[in-house]
2 protein chains.
Amino acid sequence: MARTTGSDGEKTEAAVREAAVNLIARLGYEAMSMRQLAAEVGVQPAALYRYFPTKEDLLFTLMREHMEGLLEAWSAARPANTDPVSQLAAYVENHIAFHIERRHATHVSNMELRSLSHERLTQILKMRTAYEKELRKILRDGAEAGAFEIDDTGLTAMALIQMMTGVIVWFRPGERLSIAEVTGSYLSMTMRLVGATISHGTARPFGRAGDAVAL
Amino acid sequence: MARTTGSDGEKTEAAVREAAVNLIARLGYEAMSMRQLAAEVGVQPAALYRYFPTKEDLLFTLMREHMEGLLEAWSAARPANTDPVSQLAAYVENHIAFHIERRHATHVSNMELRSLSHERLTQILKMRTAYEKELRKILRDGAEAGAFEIDDTGLTAMALIQMMTGVIVWFRPGERLSIAEVTGSYLSMTMRLVGATISHGTARPFGRAGDAVAL
DNA sequence: GAATTAATTGAACGTTCGTTTTATTAATTC
DNA sequence: GAATTAATAAAACGAACGTTCAATTAATTC
């Protein structure tokens with residue numbers, strides 16, 4: 001056989017990406033074979049090479065697009081001309097929503113960095129650093145404005161990001177907690193952690209979590 | 001050739017363990033070959049199988065001993081009959097000290113779980129859960145005693161552990177911050193995060209970080 | 001409807017993998 | 001110092017790996 005009826009390059013490539021994210025998240029990049037991936041897509045191994053010249057190209061594409069998506073999501077969610085507390089709240093909400101929605105892709109982007117070539121690793125890390133820089137700026141602005149009490153901006157940013165991203169390790173949609181509840185709790189913990197003393201105006205129903213932000 | 005002069009089983013096994021932790025942390029379990037490991041130790045691949053019957057046995061041994069070490073470290077560090085704030089402080093200090101000291105082993109234990117058989121994975125996760133349970137108990141006791149203000153004990157415990165363990169991702173000994181400074185900052189952030197309102201009596205030099213614990 | 005392009009199969013390549021087997025030598029025991 | 005045990009080397013096993021190549025068929029273009 002050769003070309004199959006109804007075959008479509010775009011659809012196949014999309015199927016490859018989706019299957020790859022899931023398989024790599026579950027098995028790890030090194031442990032996933034191109035044969036397994038092909039079987040999951042329902043295609044012969046050789047067909048994969050029409051879309052991705054090497055296995056590493058596939059990994060890099062997934063990672064790059066994940067990071068681009070994260071930066072774009074924050075660009076769209078970032079509030080303009082507001083106080084640091086509101087900005088921090090927006091950052092936390094965007095971060096958690098994005099990562100819960102893309103658990104598998106986040107897993108891949110965080111765990112498989114060592115499988116990239118040096119050049120491509122640098123490229124991904126550059127994007128990650130840019131994203132973290134946004135948080136550091138919010139924290140610095142807030143500290144200077146007296147809205148936060150922070151020891152070390154860089155250290156606090158890393159601690160917050162690791163805390164928030166950690167959500168994907170234990171959170172499962174549809175279990176004990178809803179996304180809104182989780183987000184509310186993390187928002188509350190974040191505000192306490194940075195010593196936020198000024199209300200950020202939003203009167204959302206965080207329950208006890210909301211009260212903790214020193215409204 | 002065969003047995004080499006001066007060869008010693010205990011020393012070789014120790015060398016294998018140490019090299020394995022470093023190689024797996026750097027390359028990943030799947031990416032590290034037994035041949036690479038043997039070369040690092042200065043031995044032929046077949047010699048490894050005298051000490052570890054399979055590659056997975058080697059991984060499991062490293063992980064199990066790491067987790068046992070963590071539980072033992074906490075057992076030794078856990079203060080008896082003190083207030084929840086002091087207990088939490090001890091937990092944070094022990095956790096960070098242990099993880100900074102064993103960065104590579106922690107990396108292995110956290111990242112390579114999926115390479116274990118189901119049975120062994122369960123065994124490791126049981127130890128991990130037991131360790132996390134200790135933190136949850138401290139948080140619950142503190143919340144009941146009015147020393148902490150916590151939304152959700154389980155969620156807070158996960159957030160704290162992920163935040164603390166994250167230290168190994170960015171911390172490098174001998175760079176900008178000392179271990180004491182990092183520990184102080186994390187202690188401060190932890191106490192704020194859980195809404196600690198009672199001093200825990202220790203007057204250590206955390207600087208501004210210490211002040212933040214509402215002394 | 002012929003020519004061209006897109007999509008895929010099937011088979012194979014050389015390499016590397018974890019592991020086993022057998023032989024050999026050093027250290028220890030008696 | 002002979003017998004035994006401990007520790008390794010050397011070579012090989014079959015299986016799986018990422019990838020390539022040529023052939024083949026579906027869809028599209030003209």
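Our structure's up above, just so we're on the same page.
Conventions used here
Residues numbered from 1 in each chain as written. Chains lettered and ligands numbered in written order. Predicted model: local features only at pLDDT ≥ 70, side-chain atom pairs only at ≥ 80, totals over all residues. Heavy atoms only, no water. Phe/Tyr/Trp six-rings, centres within 6.5 Å; stacked < 30°, edge-to-face > 60°. Helix = DSSP H or I, 4+ residues; strand = E, 2+ residues; numbered from the N terminus. Buried < 20%, exposed > 50% of the residue type's maximum accessible area, 1.4 Å probe, protein only. Near = heavy atom within 4 Å. Polar contact = N/O pair within 3.5 Å; in protein donor to acceptor, adjacent residues only side chain to side chain. Nonpolar A, V, L, I, M, F, W, Y, C, P; charged D, E, K, R; others polar. Axes fitted to C-alpha atoms, helices over the stretch in contact; angles between N-to-C directions. Parallel < 35°, antiparallel > 145°, perpendicular 65-115°, else oblique. Left-handed = near helix turned anticlockwise from the far one by under 90°. Contact = heavy atoms within 4.5 Å.

Once that is clear, we can look at the packing of aromatic side chains. Scanning the entire structure with this criterion turns up 8 aromatic pairs over all chains. Aromatic side chains Tyr91(A) and Tyr131(A) sit 5.0 Å apart centroid to centroid with 25° between the ring planes, which places their arrangement in the stacked category. With Tyr91(A) in helix α5 (residues 84-101) and Tyr131(A) in helix α7 (residues 118-144), this pair connects stretches of sequence that are 40 residues apart. For the pair Trp74(B) and Tyr91(B), a centre-to-centre distance of 4.9 Å together with 70° between the ring planes defines the contact as edge-to-face. Residue Trp74(B) is located in helix α4 (residues 55-77), and its partner Tyr91(B) is located in helix α5 (residues 84-101); the two are separated by 17 residues in the primary sequence. Here Trp74(B) matches Tyr91(B) in class, with each residue buried.

In this section: the protein's contact with DNA strand C. Near DNA strand C you find 28 residues, and of these Gln44(A), Arg50(A), Tyr51(A), Ala2(B) and Arg35(B) are the closest. When atoms of DNA strand C within 4 Å of the protein are split into backbone and base, the sugar-phosphate part holds 62%. A distance of 2.8 Å is found between a base nitrogen of DNA strand C and a side-chain nitrogen or oxygen belonging to Arg35(B). For DNA strand C, a phosphate oxygen lies 2.9 Å from a polar atom in the side chain of Tyr49(B). Put simply, the parts of the chain that give the surface near DNA strand C at least two residues each are α1 (9-27) and α3 (45-48) of chain A together with α2 (34-41) of chain B. Here the surface near DNA strand C is composed, by residue class, of 11 nonpolar, 10 polar and 7 charged.

What describes two packed helices is the angle between their axes and the distance between those same axes. Residue and element names in this part refer to chain A. Here α5 crosses α7 at 155°, and the two axes come no closer than 9 Å. One element, α5, and the other, α7, form an angle in the roughly antiparallel class. At the point where α5 passes α7, the crossing takes the left-handed sense. Within the contact between the two elements, α5 uses Pro84, Gln87, Leu88, Tyr91, Asn94 and His95 and α7 uses Tyr131, Glu132, Glu134, Leu135, Ile138, Leu139, Asp141 and Gly142. Classifying every residue of the contact of α5 with α7 by side-chain character gives 7 nonpolar, 4 polar and 3 charged.

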